[in-house]
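Now for the letters of each chain:
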Amino acid sequence: MTAIGAPTELEPLIPTDLLASVRSPDDLRRVPPAALPELAAQIRAELVRQVSTTGGHLGPNLGVVELTIALHRVFRSPHDVIVWDTGHQAYVHKMLTGRLDALGTLRSAGGLSGYPSRAESAHDVVENSHASTSLAYADGLAKAFGLTGRCDRRVVAVVGDGALTGGMCWEALNNLGAAPHRPVVVVLNDNGRSYGPTAGQVAVHLRGLREGTAAGNLFEDLGFAYVGPVEGHDSAALERAAAALHHPVVVHAVTRKGAGHPPAEADEADRQHTVSGTSARSPRRGGADWTEVFGDELARLGHERADIVAVTAAMLRPTGLLRFARHFPDRVFDVGIAEQHAVASAAGLATGGLHPVVAIYSTFLNRAFDQVLMDAALHRSAITFVLDRAGITGPDGPSHHGMWDVSLFGLVPGARVAAPRDTAQLRALLRACVAYGGPSVLRFPRGTSSAVLPARARWGEAEVLAGGGAEAEVLVVPVGPLAGAAVEAADRLAGHGLAVTIVDPRWVHPIDLDLVAAAARHRLVVTVEDNAPSGAFGETLARALREHCGSSTPQLRTLALPPGRFVAAGTREELLSSFGLDADGIVRAVLDASARR
Ligand SMILES: Cc1ncc(C[n+]2csc(CCOP(=O)(O)OP(=O)(O)O)c2C)c(N)n1
Ligand SMILES: CC(=O)[C@@H](O)[C@H](O)COP(=O)(O)O
Ligand SMILES: [Mg+2]
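Calculation rules
- Residues take numbers from 1 onward in each chain, read along the sequence in its written order.
- Following the order in which they are written, the chains are lettered starting with A and the ligands numbered starting with 1.
- Where local features are concerned, this predicted model is filtered to residues with pLDDT of at least 70; where side-chain atom pairs are given and counted, the filter is 80 or more; whole-chain, interface and lining totals use all residues.
- No hydrogens and no water enter the side-chain calculation; it runs on all heavy atoms of the structure.
- To define a nonpolar core, start from buried Ala, Val, Leu, Ile, Met, Phe, Trp, Tyr and Cys residues and group those joined through side-chain atoms within 4.5 Å.
- The classification of residues rests on relative accessible area computed with a 1.4 Å probe and restricted to protein chains. Under 20% of the type maximum is buried, over 50% is exposed, and intermediate values are partly exposed.
- A run of H or I in DSSP becomes a helix once it reaches four residues, and a run of E becomes a strand once it reaches two; helices and strands are each numbered from the N terminus.
- Domain start and end points were adopted from an automatic or database domain assignment.
- Two residues form a contact once any of their heavy atoms are found within 4.5 Å.
- Here, proximity means that at least one heavy atom of the residue falls within 4 Å of the molecule or strand.
- Polar contacts, as counted here, are pairs of nitrogen or oxygen atoms within 3.5 Å of one another; within protein the pair requires one atom able to donate a hydrogen and one able to accept it, and residues that are adjacent in sequence qualify only if both atoms are side-chain atoms.
- Classification used: nonpolar for Ala, Val, Leu, Ile, Met, Phe, Trp, Tyr, Cys and Pro, charged for Asp, Glu, Lys and Arg, polar for all others including Gly.
- What sets the accessible areas is the Shrake-Rupley method with a 1.4 Å probe; for residues, cover comes only from the shown protein chains.
- UniProt positions are given in the numbering used here, feature names are shortened, and annotations may be inferred rather than shown by experiment.
- Throughout, the arc means the angular range of directions from the helix axis out to the C-beta atoms.
- A donor here means an N, O or S atom no more than 2.8 Å from the metal, or no more than 3.2 Å when the metal is Na, K or Ca. Since water is not included, a site may seem to lack partners.
- Only strands that DSSP links by at least two bridges are regarded as paired with each other.
- Working convention: axes come from line fits to C-alpha atoms, limited for helices to the stretch in contact. Angles between N-to-C directions cover 0 to 180 degrees.

1. Digging into the nonpolar core
In globular proteins that are soluble, nonpolar side chains generally tend to be buried together. Within the largest apolar cluster, 49 residues are counted, with the highest numbers of intra-cluster contacts made by Leu365, Ile383, Phe385, Phe409, Trp459, Val503 and Phe537. Broken down by element, this core gets its largest block of residues, six residues, from helix 14 (residues 339-351). When residues of this core are assigned to domains, at least three map to each of domain 2 (290-443) and domain 3 (457-596). Look past the residues within four positions of Leu365 in its chain and what remains in contact with it is Val343, Ile360, Val372, Phe385, Leu387 and Phe409. If you look at the next biggest cluster of nonpolar residues, it comprises 46 residues, including Val51, Val65, Ile82 and Ala242.

2. Considering the site of ligand 2
In the neighbourhood of ligand 2, the contacting residues comprise His57, His88, Tyr115, Tyr195, His273, Thr274, Tyr361, Phe364, Arg389, Asp396, His400 and Arg446. Separating an oxygen atom of ligand 2 from a side-chain N or O atom of His57 is a distance of 2.9 Å. For the shell around ligand 2, the residue count by class is four nonpolar, five polar and three charged. Both domains that furnish three or more residues to the shell around ligand 2 are identified here as domain 1 (19-262) and domain 2 (290-443).

3. Side note on the site of ligand 1
Neighbouring residues of ligand 1: 22 residues in total, closest His88, Gly162, Asn191, Lys257 and Glu339. In this structure, an oxygen atom belonging to ligand 1 sits 2.7 Å away from a side-chain N or O atom of His88. Interatomic distance of 2.8 Å between a backbone N/O atom of Ala163 and an oxygen atom of ligand 1. Computed on the free molecule, ligand 1 has an accessible area of 580 Å², of which 98% lies beneath the protein chains in the complex. Class assignment of the residues belonging to the shell around ligand 1 gives a composition of seven nonpolar, ten polar and five charged. Each of domain 1 (19-262) and domain 2 (290-443) contributes no fewer than three residues to the shell around ligand 1.

4. Notes on the UniProt feature "domain: Transketolase-like pyrimidine-binding" (unreviewed entry) in the chain
Those residues carrying the UniProt feature "domain: Transketolase-like pyrimidine-binding" (unreviewed entry) are residues 288-452 in this numbering. Here residues 288-452 is 39% helix and 15% strand, with 10 Å between the C-alpha atoms at its ends.

5. A short note on helix 10 (residues 235-242)
Every buried residue of helix 10 is listed here: Ser235, Ala237, Leu238, Ala241 and Ala242. End-on, the buried residues of helix 10 take up no more than an arc of 160°, which puts them together on one face. Next to the buried residues of helix 10 lie helix 2 (36-54), helix 4 (65-74), strand 4 (225-231) and strand 5 (249-254).

6. Here's the deal with the coordination of the magnesium ion (ligand 3)
The protein atoms that coordinate the magnesium ion (ligand 3) are Asp161 (OD), Asn191 (OD1) and Arg193 (O), at distances spanning 2.0 to 2.2 Å. For the magnesium ion (ligand 3), the donor residues sit on a single chain with the sequence spacing D-x29-N-x1-R. A residue pair is termed long-range when its members are at least 10 positions apart, and Asp161 in the loop between strand 2 (155-160) and helix 7 (167-176) and Arg193 in the loop between strand 3 (185-190) and helix 8 (201-211) qualify at 32 residues. Across the pair, exposure class does not vary: Asp161 and Arg193 are buried alike.

7. Thoughts on the sheet that holds strand 15 (residues 500-504)
Taking strand neighbours across the sheet as the criterion, the six strands line up as 12-13-15-14-17-18 in an open arrangement whose pairing is mixed. Edge positions in the sheet fall to strand 12 (457-459) and strand 18 (555-559), since each has one partner strand and no second. Adjacent strand axes in the sheet meet at a mean angle of 25° when their direction is disregarded. Direction of pairing for strand 14 (residues 474-478) relative to strand 15: parallel, over a ladder of three bridges. Each bridged residue has a counterpart across the sheet, and for Val476 the counterpart in strand 15 is Ile502. Against the sheet, helix 19 (residues 483-494) makes contact with strand 13 (462-466), strand 14 and strand 15, and its axis sits at roughly 170° relative to strand 15, the strand it touches most. The sheet contacts of helix 23 (residues 583-595) involve strand 14, strand 17 (524-528) and strand 18, and relative to strand 18 the element is tilted by about 155°.

8. Quick word on unusual backbone geometry
Cis geometry marks the peptide bond from Ser77 to Pro78; its omega dihedral reads 5°. Look at the link from His509 to Pro510: it is a cis peptide, with omega at -15°. With respect to the secondary-structure elements, Pro510 resides in the loop between strand 16 (507-509) and helix 20 (513-519). At Thr86, a residue that is not glycine, the phi angle is positive and equals roughly 75°. Note that Thr86 resides in the loop between strand 1 (81-84) and helix 5 (91-99). Its relative accessible area of 14% is what places Thr86 among the buried residues. In this structure, Arg271 is a non-glycine residue whose phi angle is positive, near 55°. With respect to the helices and strands, the residue Arg271 is situated in the loop between helix 11 (262-265) and helix 12 (290-304).

Right under this line is the structure:
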């Protein structure tokens, strides 16, 4: 008679540190099936423990624990290739491929990336955190393996229901379904949510498939075998579903974002899509949150102008549109993760007589540049693009820094680009943008603003923040919120006997000719901007000074993000400082240039 609770000879002894013993997919495959639920529980506990400190995508990763276990038990990564769409849900993948001990360094400078990273592991393929690209990679990989005699290597793409609202997915499905001889496995991780509930008719179709009420099956119509809906938290069921199928297949896994962690499951807003860690590597300064102030001012504008509508690409709350949506539910459009559609449909809204405000993180608008150029600017559409997360964002790393928008929009004929230095300017410049009869851009960074920086004079559209007297030989021109560091630098340079004027251009494109004329009167001009240098403000001013002054241009230093490279993860503050885009860096640049006179 065995005591209640004691393990019987049939029940394997499950070590309390089972997770610690899984250092590779081979180790994982040695775990007895009966122990998998315990392993999943230990993974969840470690995710909550670590990510609550580091910050990151807790909800998405809690939702793919069993799915990731099943994939790494059925497929032989890295011989078989598993591509994670967006990659924000790859922490479990990292834990099971030898990086468990490094999880505490997640999203920090020199630590584990918050997305797959080829430098970290051969198991990682796509580092880009921009959604909806995984199926295209899978198509390319399958073609490459087919042409190079490596058809034994399976290709698996894990794509979320949100990412599936991105047009690139359907471009890829069009190609994958046409190649029955290339058996790509598409694992649809369907939790019904992007941040909030996934928008659009694709989500309705998926619900129909989940509930057995769909009139047809889009995937089968496109040439795929369809396996599902599969219980996405049942490892055994998932393993059976993903077993080798020699045909392109869509495995429809139904999961729950935040599964197993009550605070995440109860989070109606976004199931703890992203949690800020207690380590708070980015200390919140005083000042107001950029995104909140934008949302407040837009709601005010919405009351004043009935023609103003808002467009989001599946990020209503993160881009600050929630307040506007609550006041004007019929005037806000969530188009799904579909930035190109967002811009082209905004051009339609403008053509129809409305003024769309398209709120998109700077880095995500990159993919809609053609629509900005040819659908918005070519028609001089009055559209305002509000680019949150402009410049260095921080922990999300290379594919999230919004470090090219000034360069890109500087190419767009008729576009005006504004960079507010503080939240008072954010309100004023938003109003100026929506009053402009063409494409306008308002860019600001992630996080909180400094205190309001008052102006003491104006030079055209530009505002003088410090100095401004005829005695000043040095002019520093900071773009946007870098004005705070410039004002601090001016104070310190006075201690070196240097009279410095600080002027905020406010509009980055087109450049203000009054500012150019004023700059020409200085011995040394230093520009400071949170963007890549090519085609940005510094280069624009240099060209304007040459045209204005001929050969007698002032000495010019253009401080910007490093040219020709991506920027790794870190905190915004430490990264800006590392590139000399803080008060210390400005002081160094002015003193160095002055010493070289
Ligand atoms: C092009 C692009 N736009 C927006 C985002 C921001 N974003 C990150 S994850 C996410 C939601 C993804 O939803 P889904 O694919 O269903 O994955 P889940 O989080 O539900 O696992 C969004 C909109 C992005 N990464 N890429
Ligand atoms: C994965 C993704 O693209 C976003 O969730 C990203 O993490 C943005 O995070 P923040 O909103 O914290 O800048
Ligand atoms: Mg989802």
